[in-house]
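# Results of the structural survey
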There are 2 protein chains.
Amino acid sequence: MAEKRRAPIVGRYTQEEVALATRNSGMPLEALRYDLTPAGLHYLLIHFDIPALETASWMLRIEGLASRPRDFGLEELRRMPSRTVRMTMECAGNGRGQTSPRYPSMPWMEEGVSTAEWTGVSLSILLNESKIKPSVREIVFHGADRGFDRGIEHSYSRSLTPEEAMRDDVVLAYAMNGAPLLPQHGAPLRLVVPDWYGMASVKWLERIEAIDGAFDGVQQALSYHFRSVAGEKGMPCTRMRVNSLMVPPGIPDYFGRRRTVEAGMVELLGRAWSGDGEVKRVEVAVDGAWQDAKLEASAGPHAWRRWTARWLAAKGAHELRCRATDASGAVQPLEPPWDVTGFGNNAAQKVEVTVR
Amino acid sequence: MAEKRRAPIVGRYTQEEVALATRNSGMPLEALRYDLTPAGLHYLLIHFDIPALETASWMLRIEGLASRPRDFGLEELRRMPSRTVRMTMECAGNGRGQTSPRYPSMPWMEEGVSTAEWTGVSLSILLNESKIKPSVREIVFHGADRGFDRGIEHSYSRSLTPEEAMRDDVVLAYAMNGAPLLPQHGAPLRLVVPDWYGMASVKWLERIEAIDGAFDGVQQALSYHFRSVAGEKGMPCTRMRVNSLMVPPGIPDYFGRRRTVEAGMVELLGRAWSGDGEVKRVEVAVDGAWQDAKLEASAGPHAWRRWTARWLAAKGAHELRCRATDASGAVQPLEPPWDVTGFGNNAAQKVEVTVR
């Protein structure tokens, strides 16, 4: 594969970046108030175009190293035992737009995260039924969306090891928050992989392929790696790093989004999540002084956790931040961790406010 | 009012512009394939934050110069005769991001347009029931969303003349495409004003006020005016200028979105609309040679019109454009019309393709 690398961008943003930001959708941060992100507010990162798939003629094919390869129609999948998973999904590139130099891609500030309930069939049921062979090393998920990235034409495809793929909560979803899957979220069927960054949850699924090697597709072998220098092999992006966000308090300026808050007691509200274990602690800083926030009960093993903190706001300009710690002991850094392609930026959020 | 003007931006985009592009949502152009834009793909321009309104306690107040001012709850409105209007809505700032210098605001490329069916109560029914007085010159619509723009704190409010407000198809909508209105689209109730740019369709409606003067709110008197030089009074933005877009053919590059198309016969598909009368003609240009597209039947007085064109694509690089003409005789220009604040850019779309 003749990979074409894109030169990093320094400083202000290019028209290509803005075109991606306009096409794709972030979750406005005030929507952190919802346990489940309402329809149309869940973030969207669509690499190519939303394909025009006909549910009536659509089939999911399971093929490759399987003793019983076969096709499944949507109605058959709907008749199988269903499973609903509540999960927080974050784009691996979330926060990329806050860095410079940065890789030419979607310039997320911090809105590339949301939580939904996905309903479908456990992938393990289909893999068992297809009798995947013991020699299988990876399960590849092929989407219907096609285009060029890094100079190479391909359909969007990703793989998982059989061990990851067989987790109960890995689901082939045909519904989202109790409603039929929308076209932009992968209808008629998508994969959802809890705890992992969103790139693993392949949309517009058409084909599942069991192979005995390592999948070398563009989105698996070239993109979605942590790299400290361009061109190195790097480490694959997998589970979401610990992260947290707050609802910016007060009211915004339309342009610049700076917040104005009334002096007095302010209830801060946010969410924290991690793909590496339960969120164990959230801290909030006002002008650099950290204190513990109040963590609410877990909303499930794969969902963000709600937190609150009280702040006696005094007149003047202030900087609010929040940071979470997960069960693995990982804490959010205060500055963006360096990555060539801008993946995994879980630096603590900053919210600038004026109290009056 | 002490208006603060923002300095124009030249060339590349600022972080404030990208933050707005990430927060707000455009309609990906492949969604021009849908007669009605599916939930979650309708464009969104949210000036401040999505307010957290409780439907149970929410009331719409009609007040000011009315003989029977009163409050309406949502259930009462739902029991009144309902009306469904199919309408195309476009942001007045659509296309702003293609210009330089440009006003610091949402840097739309061309995705700030969509079509939905809105269901609710004709505004005229409520105005008649409230017995608006003959001295009324404007009806003001106050939303619950609040913040700063141009240095002035305000809730989002806009006005219409009684004549415009009494049009049958001006609706107070509680449903969109047959489903309850979503929070980001103005739940529990919003105004929809067919044929006008989107700024007239006030979301999160709380109060309708009949006044005997000209409303001087920020979004009415300062913003949403066509101006050739900063500071002049200008002409208010009202009805949508004639405009059209095509689904970019072929497959995209992820970054840059350049299209690759197979040589041979290509079916081009698009939509055209105008707030000033029926679309009468659509033309398509390949490398500057214009020819008529095929117009399909009207989809209603306020909805975009579907069009198709066949193109025998020859290998190489090509530029595709489309432009519409409406019943008033207005034709889309080939270059963006100059406007200080970047409103009303209806220049003919350009799509760069490589045919292989």
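Residues numbered from 1 in each chain as written. Chains lettered and ligands numbered in written order. Predicted model: local features only at pLDDT ≥ 70, side-chain atom pairs only at ≥ 80, totals over all residues. Heavy atoms only, no water.

## Observations regarding the overall build of chain A
- Scanning chain A from N- to C-terminus turns up five helices and 22 strands.
- In terms of overall size, chain A behaves like a compact globule, its C-alpha atoms giving a radius of gyration of 21 Å where 356 residues would be expected to give roughly 21 Å.
- The dimensions of chain A, computed from C-alpha atoms along their principal axes, are 70 × 45 × 35 Å.
- The buried share of chain A, taken over its 356 residues, is 61%. (Helix = DSSP H or I, 4+ residues; strand = E, 2+ residues; numbered from the N terminus. Rg over C-alpha atoms; globule rule 2.2 N^0.38 Å. Buried < 20%, exposed > 50% of the residue type's maximum accessible area, 1.4 Å probe, protein only.)

## Remarks on the relation of the copies chain A and chain B
- Least-squares fitting of chain A to chain B yields an RMSD of 0.0 Å, with the transformation described by 0.0 Å of translation along the axis and a rotation of 180°. Here the transformation between the copies is reduced to the relation of a two-fold axis. Among all residues of chain A, the one whose C-alpha sits closest to the rotation axis is A:Gly40, at a distance of 1.7 Å.
- A share of 100% of the interface residues of chain A reappears at the interface of chain B, consistent with the copies meeting face to face through the same patch. (Least-squares fit on C-alpha atoms with pLDDT ≥ 70 in both. Contact = heavy atoms within 4.5 Å.)

## A short note on the packing of aromatic side chains
Residue and element names in this part refer to chain A.
- For the coordinates displayed, the defined rule picks out six aromatic pairs over all chains.
- A ring pair is formed by Tyr43 and Trp108, whose centres lie 5.7 Å apart and whose planes are at 85°; its orientation type is edge-to-face. Note that Tyr43 is positioned in the loop between helix H1 (15-23) and strand E1 (59-64) and Trp108 in the loop between strand E3 (83-90) and strand E4 (113-122), a separation of 65 residues in sequence.
- Look at Tyr43 and you get buried, because its relative accessible area is 5%. (Phe/Tyr/Trp six-rings, centres within 6.5 Å; stacked < 30°, edge-to-face > 60°.)

## Considering the state of the cysteines
- By the definition in use, this model includes zero disulfides over all chains.
- In this structure A:Cys237 is not part of a disulfide, and its nearest cysteine sulfur, from A:Cys91, lies 9.5 Å away. (Disulfide = S-S within 2.5 Å.)

## Some details on the domain arrangement of chain A
All names here are of chain A.
- Assigned domains of chain A: these are domain 1 (15-236) and domain 2 (243-355).
- Each of domain 1 and domain 2 has a C-alpha centre, and the two are 27 Å apart.
- Summed over both sides, the interface between domain 1 and domain 2 buries roughly 2700 Å², with carbon and sulfur atoms accounting for 57% of that surface.
- The largest contributions to the domain 1 side of the interface with domain 2 come from Leu32, Thr88 and Asp195, which together make up 21% of the buried area. (Domains from an automatic or database assignment. Buried area = accessible area lost by both parts, 1.4 Å probe.)

## A few points about the pattern of salt bridges
Residues and elements named next belong to chain A.
- Here the structure, examined in full by the defined rule, presents 58 salt bridges over all chains.
- Among the ionic pairs, Arg167 bridges to Glu164, the shortest N-O distance being 3.1 Å. The burial state of Arg167 is the same as that of Glu164; both residues are buried. (Salt bridge = Lys/Arg side-chain N within 4 Å of Asp/Glu carboxyl O.)

## Concerning the side chain of B:Glu17
- Examined against the element boundaries, B:Glu17 turns out to sit in helix H1 (residues 15-23).
- If near-sequence neighbours (up to four positions away) are discounted, B:Glu17 is found in contact with A:Phe255, B:Ile9, B:Arg12, B:Arg102, B:Ser105 and B:Pro107.

## Comments concerning the sheet that holds strand E10 (residues 205-211) of chain A
Residues and elements named next belong to chain A.
- The five strands are arranged E2-E1-E10-E5-E6 in an open sheet whose pairing can be described as mixed. Looking at which strands have only one partner, the edges of the open sheet turn out to be strand E2 (70-73) and strand E6 (152-160). Neighbour to neighbour, the strand axes of the sheet diverge by 25° on average, direction disregarded.
- Sheet analysis places strand E5 (residues 138-149) next to E6, joined by eight bridges and oriented antiparallel. (Pairing = 2+ DSSP bridges. Axes fitted to C-alpha atoms, helices over the stretch in contact; angles between N-to-C directions.)

## Considering unusual backbone geometry
- Look at the link from A:Ser100 to A:Pro101: it is a cis peptide, with omega at 0°.
- Position of A:Pro101 among the secondary structure elements: in the loop between E3 and E4.
- The phi dihedral of B:Tyr224 is positive, around 55°, even though this residue is not glycine.
- Summarising the element assignment, B:Tyr224 is placed in the loop between helix H5 (218-222) and strand E11 (225-226).
- Residue B:Arg257 is not a glycine yet carries a positive backbone phi of 60°.

## What about the nonpolar core?
- Counting residues in hydrophobic clusters, the biggest one holds 153 residues, and the most contacted among them are A:Leu191, A:Ile208 and B:Ile208.
- If we ignore the near neighbours within four places in the chain, the residues touching A:Ile208 are A:Leu60, A:Arg61, A:Ile62, A:Glu63, A:Leu123, A:Leu127, A:Ile139, A:Val140, A:Phe141 and A:Leu172. (Core = buried A, V, L, I, M, F, W, Y, C linked by side-chain atoms within 4.5 Å.)

## As for the environment of A:Phe48
- Along the chain, A:Phe48 turns up in the loop between H1 and E1.
- Residue A:Phe48 is classed as buried on the basis of its relative accessible area, which comes to 0%.
- Sequence separation between A:Phe48 and A:Arg306 is 258 residues; the distance between their C-alpha atoms is 33 Å.
- Leave out the neighbours within four places in its chain, and A:Phe48 touches A:Arg23, A:Asp145, A:Arg146, A:Gly147, A:Phe148, A:His154, A:Tyr156, A:Gln219, B:Glu30, B:Pro252, B:Tyr254 and B:Arg257.

## Focus: the interface of chain A and chain B
- Counting residues at the interface gives 65 residues for chain A and 65 residues for chain B.
- At the boundary of chain A with chain B, total buried surface from both sides reaches about 5600 Å², with 58% on carbon and sulfur atoms.
- Considering only the side of chain A, the residues that lose the most area to chain B are A:Arg12, A:Tyr254 and A:Phe255, jointly responsible for 16% of the buried surface there.
- Taken together, the links from chain A to chain B amount to eight salt bridges.

## With respect to the confidence of the model for chain A
- When pLDDT is averaged along chain A, the result is 97, and 99% of the positions lie at 70 or above.
- Both scores are given for the predicted complex: the pTM is 0.97, the ipTM 0.96. (pLDDT = per-residue confidence, 0-100.)

## Brief notes about the side chain of B:His318
All names here are of chain B.
- With respect to the helices, strands and loops of the structure, His318 is situated in strand E21 (residues 316-326).
- Separated by 2.6 Å, the side chains of His318 and Asp287 make a polar contact.
- If sequence neighbours within four positions are ignored, His318 has contacts with Val286, Asp287, Trp311, Val351, Glu352, Val353 and Val355. (Polar contact = N/O pair within 3.5 Å; in protein donor to acceptor, adjacent residues only side chain to side chain.)

## Remarks on the pairing of strand E21 (residues 316-326) of chain A
All names here are of chain A.
- In terms of burial, E21 is a largely internal element, eight of the 11 residues being buried.
- Sheet topology note: the strand E17 (residues 279-286)/E21 ladder contains seven bridges and is antiparallel. Among the inter-strand pairings, Ala285 is bridged to a residue of E21, identified as Arg321.
- By the bridge criterion, seven bridges tie E21 to strand E22 (residues 349-355) in an arrangement that is antiparallel. For Ala317, the partnering residue across the bridge sits in E22 and is Thr354.

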